[in-house]
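Each chain, written out:
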Amino acid sequence: MARFITKQKNTKNVIPGSPVFVGNQKEENTRIRLIGYDENELEEVELETINELENYISKYKRLWINIDGLHDVELVRKVGELFGIHTLILEDIVNTDQRPRVDIEEHYIFTSIKMMFLNKEKHQLEAEQISMYLLKNVLITFQEKQGDIFESVRERLRNKTGRVRNYNTTYLKYCLLDVIVDNYNFLMETFGEKVEDLEDKILLQPNKNTLQEINKYKIELNYFRKAIRPAREAINSFRALKTELITKKEQPFFNDLNDLVQRSYDSVENYKSMLSEQLTVYSTNVNNRLNDIMKILTIFSVVFIPITFIAGIYGTNFEYIPELRYRSGYFVMWGVILLTVLIMLGYFKYKKWF
Amino acid sequence: MARFITKQKNTKNVIPGSPVFVGNQKEENTRIRLIGYDENELEEVELETINELENYISKYKRLWINIDGLHDVELVRKVGELFGIHTLILEDIVNTDQRPRVDIEEHYIFTSIKMMFLNKEKHQLEAEQISMYLLKNVLITFQEKQGDIFESVRERLRNKTGRVRNYNTTYLKYCLLDVIVDNYNFLMETFGEKVEDLEDKILLQPNKNTLQEINKYKIELNYFRKAIRPAREAINSFRALKTELITKKEQPFFNDLNDLVQRSYDSVENYKSMLSEQLTVYSTNVNNRLNDIMKILTIFSVVFIPITFIAGIYGTNFEYIPELRYRSGYFVMWGVILLTVLIMLGYFKYKKWF
Amino acid sequence: MARFITKQKNTKNVIPGSPVFVGNQKEENTRIRLIGYDENELEEVELETINELENYISKYKRLWINIDGLHDVELVRKVGELFGIHTLILEDIVNTDQRPRVDIEEHYIFTSIKMMFLNKEKHQLEAEQISMYLLKNVLITFQEKQGDIFESVRERLRNKTGRVRNYNTTYLKYCLLDVIVDNYNFLMETFGEKVEDLEDKILLQPNKNTLQEINKYKIELNYFRKAIRPAREAINSFRALKTELITKKEQPFFNDLNDLVQRSYDSVENYKSMLSEQLTVYSTNVNNRLNDIMKILTIFSVVFIPITFIAGIYGTNFEYIPELRYRSGYFVMWGVILLTVLIMLGYFKYKKWF
Amino acid sequence: MARFITKQKNTKNVIPGSPVFVGNQKEENTRIRLIGYDENELEEVELETINELENYISKYKRLWINIDGLHDVELVRKVGELFGIHTLILEDIVNTDQRPRVDIEEHYIFTSIKMMFLNKEKHQLEAEQISMYLLKNVLITFQEKQGDIFESVRERLRNKTGRVRNYNTTYLKYCLLDVIVDNYNFLMETFGEKVEDLEDKILLQPNKNTLQEINKYKIELNYFRKAIRPAREAINSFRALKTELITKKEQPFFNDLNDLVQRSYDSVENYKSMLSEQLTVYSTNVNNRLNDIMKILTIFSVVFIPITFIAGIYGTNFEYIPELRYRSGYFVMWGVILLTVLIMLGYFKYKKWF
Amino acid sequence: MARFITKQKNTKNVIPGSPVFVGNQKEENTRIRLIGYDENELEEVELETINELENYISKYKRLWINIDGLHDVELVRKVGELFGIHTLILEDIVNTDQRPRVDIEEHYIFTSIKMMFLNKEKHQLEAEQISMYLLKNVLITFQEKQGDIFESVRERLRNKTGRVRNYNTTYLKYCLLDVIVDNYNFLMETFGEKVEDLEDKILLQPNKNTLQEINKYKIELNYFRKAIRPAREAINSFRALKTELITKKEQPFFNDLNDLVQRSYDSVENYKSMLSEQLTVYSTNVNNRLNDIMKILTIFSVVFIPITFIAGIYGTNFEYIPELRYRSGYFVMWGVILLTVLIMLGYFKYKKWF
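Going by what an unreviewed UniProt entry lists, chain A is known as Magnesium transport protein CorA and is assigned to Tenacibaculum singaporense. For the record of chain A, the UniProt heading Catalytic activity (unreviewed entry) holds the text "Mg(2+)(in) = Mg(2+)(out)". Turning to chain A, the UniProt record has this under Function (unreviewed entry): "Mediates influx of magnesium ions. Alternates between open and closed states. Activated by low cytoplasmic Mg(2+) levels. Inactive when cytoplasmic Mg(2+) levels are high."

In structure tokens form, the structure reads like this:
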């Protein structure tokens, strides 16, 4: 069976505060993409090296820097220097085993969250860590892998769809988080359908694979929950903390995000308890079927054991067995046997065994 | 078996803040009904198109706008524009997968809640989302389907029963919520009777359908709980938050509502734990009956196995078996057999097996 | 089996705020009893009609009005009018399905609580709703049924026992609540003895009635808990809320009440978990006994199956079976059989089966 | 089995606020012991009657009054009068069914707690209620029974060991509580060793006594928890509440006490969940052994049933059975039988049954 | 099996506030190591006796005193005197059964925490108590045993790696705690792999050792949790409490520590629930296999019992059994037997038993 729980690399002897890449995806190239935009203009640039970045920083009103591939620790460090990011946060960005969390400070908001997706080749859930560092007019996003999950947001930026071009980078950040959390709900929906399909199977045609299936779903759900529970805590903290980076106008969007992630967490908890109940029902059903098996065995044994004994008696070789002499002895024996069978069957009928 | 958990439509690639209808009920017509009223007068109007609405807004002291059918997203958007409703709230109104919640702001209260009802044709619980947007003197309600659940309140308005005509739209809103929550309690009562009937069956005449029944009730309860738990949270927030829309005079009504929804939530939790206990009792009972079956099998086997062996011995064809020669050998064998049977039965009697 | 969970009457189409009697006890007569008292004097009056009440209100320094029988809604309404009781509270008084609760307001305290008692004829727990409306110098109590539960307090009033005559009606209210809560503890004590008696039975002589008994106690406890849990919340709220009706001198009494109800709630939770554990132990014990049964069956089968086979072999009618010719063949067979039996028994001895 | 849960006496018709002794220990004599002390001097006095007490009250700088035996209600009442103790507190002192609790008021601290000890004759846990009433320079302690649990503290007072002579009575009170809570930890330690010994037994040599043992420990733990849980709450309240009776210098001691009682509560919870897990493991183990039993039965049955049938076939008395005529028929039958046996055994080998 | 839960020594009769060594490790020598350092210089000293310590205290800007071996209570007392450590804290330092905790006061922070490690010889988890007493420029650490766990930090100090030389002792303390908590995560990772390996075994090839393994892991996890749960609480308190010893610059490090310990606690809880689920799955699987065994037994019994009976019938010695006379009787019997077998097998096929 597939391993869902990511193995952590040993970071035991690492000095705290020094970024070390912990992850499995070794992308050939890291990719640095910039989108500078305001209400009227938008420019997309892909940088060759990180050194070019400096030239662009103050060029645009709003800037989104997206970095794919975290194994280039040097690059991350340079970005950190450029924007004054605390070394512990840099460490968290490259350490992809990080628990999702949100740091809201006066002049920046750091968010680390897991993107979940279904790897269709391996038929398993996978998680990718997305880190976001939000400054007044700059949003820096770090992805473990090159991917197109944020393409829909990019399209909106390009086409001026919705209000993303008119609002600040805080709103852009909300849009990206919304994509991620919406995806949670989409996955839970897919998952939910499988769990519900299981429900019928358990009662009507349970077999050993059913047990394996329940178990598999439990593991998947545990994996999902591990990502979503701290994500919920993290997103919830947007509501409590006040920061100039989230204005009153933007607050409702984060509240909405909170409802969204709460809904997917509710689903996780709901399916978790459903699976537990399904296991109990399955197990009770297994016992029920054991009862059925034993009933059959018992009926046959109880019916045939006495009559086999009767036949055994008249198979003995005693010299003087009076019954054997009677011409109708054999037929009388059959009569007794049939009577015994009828009594036994009557007894089981009375006990409502069939 | 029926599917109780509503399938969500994929809203994955939807821009946040743009209302998209998510639901299955495609009503042929949306229906816009207005009731304008004050202490002395009441007028009911049914609009053809949403454009007429503007003419009525300031005509009455208190106005209740009821919109049935949410698939006409354009209409909802127009209503939103007219009353300055935030686009995220509009999205929540048309997205019928929304978790129940309450937004209490200075000048408006938005409430999204599930109406539960028993679809008698399909023999299953169904949920309908009701959204309410309360302004100072205007209450706008959105229903997924055309229905008459609020007819009793309309009657009261028409007949000046109770104080609904004399109080503000906040009180009207309370009346509508009261109808919904009261209905929860009515459903739980019906449900409770079925669960209690089950209780006797489990101990006295359990069978495989009993397991299916327990399971079915568990699923129904899960479904119900999914709607009622966030509803409880939502209604509870009426107590904590202060808003000019709920005056001191109206506060007790919302406290009362809170007690009502808490009672139905208590029932849900109560029946949930009752069903779990019933499953345990059922399962223990199944084991008890396995014991009974095995006792019967064991009694028969243990009694007949030794005597069948005895008969087998004297069925052997050895040339010299002394016992066979005695004239009374056969009867002595019977004696030994009877003695064996009595000893065995005595043993089971001693063990209190029957 | 008896139904413990009270069925609620359908109050679905009732206008909120209008009192409707929901209950089963139709007393022939409602009974209105007044006790007016101060340190020196005490007068007991039984009213014929509610209209006489007005004459007595300001006659005494302290007044206790006790109304038995709630089906006379008109009467309750009139009392409400006389003392300015909110219609929602009146509704709660006559609706005997109400959750216990306390409303502490500036000038009144409303308390709704369940009196539990053991109906000795029906051998079941029953609950009666007691509502108390406390004003500065007046205490109005409403009982579903005529009963003598408060007789002990009346005696104390008459005989000037304790400080009830010297203190205000707040203290009188405390005395009545104390009677009710003390009774919870008394019932739990009786219940606890039955549960503990069960404990021995489960291990030493479990049978099918034991399962029924556990189940019965679980249902009773659920019923009790349904009444006592909200009562605990309610009584607890006396501590938190400040009101001029409870003076500093009286506060310790309500704290004490709180400890008392907490103790009975602790007992409920304790017995609940004890019953769950007992069910698990019972179930494990059932399995243990299945093991014993199967051991007996297996020992007999395993011992006799091989020797029956041996006898079967020599019962075959082959023309040439050398062993049959030997004069001692029969005895050798017996020897082999005995050896087989000894080996088998030795094996079970080794396995520690007996 | 021993009854661990103390039976409560019926205090149903008792007027609240009047002390009534509820307990089983009827000591022949109550014993009143005084220790008056300051940094330099210490005097121990044993009073004959309570009336002498008055003479000693103001004689010493610090005074510890210890009263053994609570059945002399009159005595307790007199002490109460002398020190102005609220009647409800007096009631709690003599009612030994009281939940542990702490009342911190401006001028006094009342503490009621359970001393646990192992009655070595009856092999059971027993609880004794200790009440402490702390005033500025006076500590009054009430014990159900004469006992020497506080002897170690008395020794320290006499020998000036530690700082008990130099500090106020608040510190003395802490010392006494420390003795009690330390004893909890000592008992839990003893208990823990028994639970751990059980752990091995369950896996390696489970029998029916093991189930009884698990059950016995569960009951003992429930009993212990009933005393320790409210004690934890009570001791915790020392931290939160500010009173002039606990100075800043003494605060760390009570914090320490809190850690100590928390540790013993952690142990209770820990052992409780260990016992639950042990029951599950035991139960699974029972099932495992059922499997083993059934395997043996099945192997024997499946091997012998077919060959017994073969022998049965050749035991029939048909006139024409060709095989019987062959001289080697008998040996061929043996060959077939051996082959069948080998096939069966091979099958079970393949199934890894042995 | 190994004992994981440390036995506590009896500290029952100990005067509170007097340090007594409670632990098993009797090191031959205690070892006192000093590291004095600032940005530019570093000096390491190993003291012979505690008396030399005084000379070094004010010599360095920052001082780390590390004491290995706690059995020398006198030494600890002297250190306490030198730095004004409260006697209760000294008691906690030498009592190695202490719950992890943090005391944050104005001028000092005391931290007691458990270092966990895997004893490779005994194949079991072991815990060592580390106490840290932090003053403005001095950090005193106490270890139960001589060990090299902090060697990595010492190396960093020596080599000026990271910022440890430039920051205050508060940062040094953070580094040490980071080593300990990082180690928790490393252990949980190792543990997690074993639990996941178990997962496959349970479904595919469960045996009795599997149950023992689950049980063993449960005990280990309990042991781990006992150390880590209070550690989490303790480290969490760094966030809440304000002290001049933790400056704003250092706060993020402690927040990070909090995330780290939370992650390992999440893992503990996660594996705990995984093991519970595994036990349920295992148990259900055991039942499934019982079903398989019973199926085999039943198939064989039900097929052979009737045909053995048929053979038995024709083994009877009645003088007149018509069937025996027919020449083809024997073959007809075989036909009937085969037919019976086919019907039985068909029935099981229909029941989907194989």
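Participant: Even after reading the chapter, I still don't get the relation of the copies chain E and chain A, so can you show me in this structure?
Facilitator: What relates the two chain copies is a rotation about an axis together with a slide along it. Overlaying chain E with chain A gives an RMSD of 0.1 Å, the required rotation being 72° about an axis along which the chain moves by 0.0 Å. Here the two chains are linked by the operation of a five-fold rotation axis. Residue Gly315(E) of chain E places its C-alpha closer to the rotation axis than any other residue of that unit, at 4.4 Å. An asymmetric contact is evident, with only 16% of the interface residues of chain E recurring at the interface of chain A.

Participant: What should I look at first to understand the interface of chain E and chain A in this one?
Facilitator: Frequently, the measure chosen for interface size is the accessible area that the parts lose on association. Each partner contributes residues to the interface: chain E has 64 residues there, and chain A has 63 residues. Counting each side, the surface lost to burial between chain E and chain A is near 6,000 Å², with a carbon and sulfur contribution of 60%. Across the chain E-chain A interface, the total number found is four salt bridges. Note that Arg99(A) is salt-bridged to Asp266(E), the shortest N-O span being 2.9 Å. Across the contact surface, chain E and chain A share eleven residue pairs in polar contact (both at pLDDT 80 or more). Residue assignment for the side of chain E that touches chain A shows that the elements contributing at least two residues are α5 (169–204), α7 (251–313), α8 (322–325) and α9 (329–350) of chain E.

Participant: Would you mind showing me how to read the nonpolar core here?
Facilitator: Within soluble globular proteins, side chains that are nonpolar tend to cluster in buried spots. Within the largest apolar cluster, 325 residues are counted, with the highest numbers of intra-cluster contacts made by Tyr184(A), Tyr184(B), Tyr184(C), Tyr184(D) and Tyr184(E). Sequence-distant contacts of Tyr184(E), that is, excluding residues within four places in its chain, are made with Ile113(E), Lys114(E), Met116(E), Phe224(E), Ile228(E), Ala231(E), Val261(E) and Ser264(E). Listed in part, the 134 residues of the second largest apolar core include Ile307(B), Met333(B), Leu290(D) and Ile293(E).

Participant: Is there a simple way to explain the side chain of Glu144(E) in this structure?
Facilitator: Residue and element names in this part refer to chain E. Here Glu144 is to be found in the loop between β7 (138–143) and α4 (151–159). Summary of buried charges: Glu144 has no salt-bridge partner, and the nearest side chain of opposite charge, Lys114, is 5.7 Å away. Only 2.7 Å separates the side chain of Glu144 from the backbone nitrogen of Gln129, close enough to count as a polar contact.

Participant: Before we go on, may I ask you to explain the relation of the copies chain B and chain C in this structure?
Facilitator: Laying chain B over chain C is done by rotating through 72° and shifting 0.1 Å along the axis; what remains is an RMSD of 0.1 Å. An asymmetric contact is evident, with only 16% of the interface residues of chain B recurring at the interface of chain C.

Participant: What should I look at first to understand the interface of chain B and chain C in this one?
Facilitator: In this assembly, 64 residues from chain B lie in contact with 61 residues from chain C. For the pair chain B and chain C, the two sides together bury roughly 5,900 Å², of which 60% comes from carbon and sulfur. Of all residues in chain B, Arg263(B), Phe309(B) and Phe318(B) give up the largest surface area on contact with chain C, accounting jointly for 12% of the area buried on that side. Our enumeration of links across chain B and chain C arrives at four salt bridges. Glu319(B) is the partner of Arg325(C) in a salt bridge, and the nearest nitrogen-oxygen pair spans 3.8 Å. Here chain B and chain C share eleven residue pairs in polar contact (both at pLDDT 80 or more) between them. Broken down by secondary-structure element, the contributors of at least two residues to the side of chain B that touches chain C are α5 (169–204), α7 (251–313), α8 (322–325) and α9 (329–350) of chain B. The element contributing the most residues to the side of chain B that touches chain C is α7(B), with 32 residues. Classifying every residue of the side of chain B that touches chain C gives 26 nonpolar, 18 polar and 20 charged.

Participant: Explain the arrangement of the chains here, please?
Facilitator: Where chain A comes nearest to chain D, the C-alpha atoms are still 9 Å apart, and the two do not contact one another. Looking at chain B next to chain D, you find no contact at all, with the nearest C-alpha pair sitting 9 Å apart.

Participant: Looking at this model, I keep getting lost on the environment of Glu48(C). Mind explaining?
Facilitator: All names here are of chain C. Among the secondary structure elements, Glu48 is positioned in the loop between β2 (42–47) and α1 (53–56). Judged by its relative accessible area of 71%, Glu48 is exposed. Taking C-alpha positions, Glu48 is 47 Å from Asn215, a pair spaced 167 residues apart along the chain.

Participant: Hey, could you run me through the domain arrangement of chain A in this one?
Facilitator: In terms of domain boundaries, chain A breaks down into domain 1 (9–284) and domain 2 (314–350). Computed from C-alpha coordinates alone, the two centres of domain 1 of chain A and domain 2 of chain A are separated by 80 Å.

Participant: What exactly am I supposed to notice about the packing of aromatic side chains here?
Facilitator: Each pair of aromatic rings is reported with the distance of its centres and the angle of its planes. Per the counting criterion, the structure on display carries 110 aromatic pairs over all chains. Through successive ring pairs, a cluster of aromatic residues spans Phe300(A), Phe304(A), Tyr314(A), Tyr330(A), Phe331(A), Trp334(A), Phe309(E), Phe318(E) and Tyr320(E). Seen from the ring of Tyr320(E), Arg327(A) lies directly overhead, with NZ or CZ sitting 3.9 Å from the centre. Over the ring of Tyr265(E) we find Arg232(E), and its NZ or CZ is 3.9 Å from the ring centre.

Participant: Explain the pattern of salt bridges here, please?
Facilitator: Working definition: two side chains of opposite charge can pair if their charged atoms are close together. For the structure shown, the criterion picks out 96 salt bridges over all chains. In this structure, Arg101(C) engages Asp92(C) in a salt bridge whose closest nitrogen and oxygen atoms are separated by 2.3 Å. By the burial criterion, Arg101(C) is buried, and Asp92(C) matches it. For Lys201(D), the salt bridge is made with Glu213(D), and the minimal N-O distance between the two is 3.3 Å. Here Lys201(D), found in helix α5 (residues 169–204), pairs with Glu213(D), found in helix α6 (residues 208–240); they are twelve residues apart in sequence, far enough to count as distant. What makes Lys201(D) partly exposed here is its relative accessible area of 34%.

Participant: Would you take a moment to explain the sheet that holds strand β6 (residues 124–134) of chain E for this structure?
Facilitator: Note on sheets: strands pair through backbone hydrogen bonds, and any given pair is parallel or antiparallel. Residue and element names in this part refer to chain E. Within the open sheet, the seven strands sit side by side as β2-β1-β3-β7-β6-β5-β4. Their pairing is mixed. The outermost strands of the open sheet, each flanked by one partner alone, are β2 (42–47) and β4 (101–104). Each strand of the sheet is rotated relative to its neighbour by a mean of 20°, with strand direction disregarded. Summarising the sheet, β6 and β7 pair through five bridges and their orientation is antiparallel. Bridging from a neighbouring strand, Met132 pairs with Thr141 of β7.

Participant: Please clarify how helix α7 (residues 251–313) of chain C should be interpreted in this entry.
Facilitator: Every α-helical turn comprises 3.6 residues, leaving residues that sit three or four positions apart pointing alike. With 63 residues, α7(C) extends 93 Å between its outermost C-alpha atoms, agreeing within 8% with the 93 Å of an ideal straight helix rising 1.5 Å per residue. At Phe304(C), α7(C) shows its largest bend, some 25°, and a proline, Pro306(C), comes one to four positions later.

Participant: Would you explain α4(E) in this entry?
Facilitator: Residue and element names in this part refer to chain E. When α4 is considered as a whole, its buried residues turn out to be Val153, Arg154, Arg156 and Leu157. Axial view of α4: buried residues confined to an arc of 160°, hence all on one face. Within two residues after α4, Lys160 carries a phi angle of roughly 60°, on the positive side.

Quick notes on the rules
- Residues numbered from 1 in each chain as written.
- Chains lettered and ligands numbered in written order.
- Predicted model: local features only at pLDDT ≥ 70, side-chain atom pairs only at ≥ 80, totals over all residues.
- Heavy atoms only, no water.
- UniProt positions renumbered as here; feature names shortened; annotations may be inferred.
- Least-squares fit on C-alpha atoms with pLDDT ≥ 70 in both.
- Contact = heavy atoms within 4.5 Å.
- Buried area = accessible area lost by both parts, 1.4 Å probe.
- Salt bridge = Lys/Arg side-chain N within 4 Å of Asp/Glu carboxyl O.
- Polar contact = N/O pair within 3.5 Å; in protein donor to acceptor, adjacent residues only side chain to side chain.
- Helix = DSSP H or I, 4+ residues; strand = E, 2+ residues; numbered from the N terminus.
- Core = buried A, V, L, I, M, F, W, Y, C linked by side-chain atoms within 4.5 Å.
- Buried < 20%, exposed > 50% of the residue type's maximum accessible area, 1.4 Å probe, protein only.
- Lys, Arg positive; Asp, Glu negative; His and termini not counted.
- Nonpolar A, V, L, I, M, F, W, Y, C, P; charged D, E, K, R; others polar.
- Domains from an automatic or database assignment.
- Phe/Tyr/Trp six-rings, centres within 6.5 Å; stacked < 30°, edge-to-face > 60°.
- Lys NZ or Arg CZ within 6 Å of the ring centre and 35° of its normal.
- Pairing = 2+ DSSP bridges.
- Axes fitted to C-alpha atoms, helices over the stretch in contact; angles between N-to-C directions.
- Expected span 1.5 Å × (residues − 1).
- Bend = angle between axes of the 7 residues up to and from the residue.
- Arc of directions from axis to C-beta.

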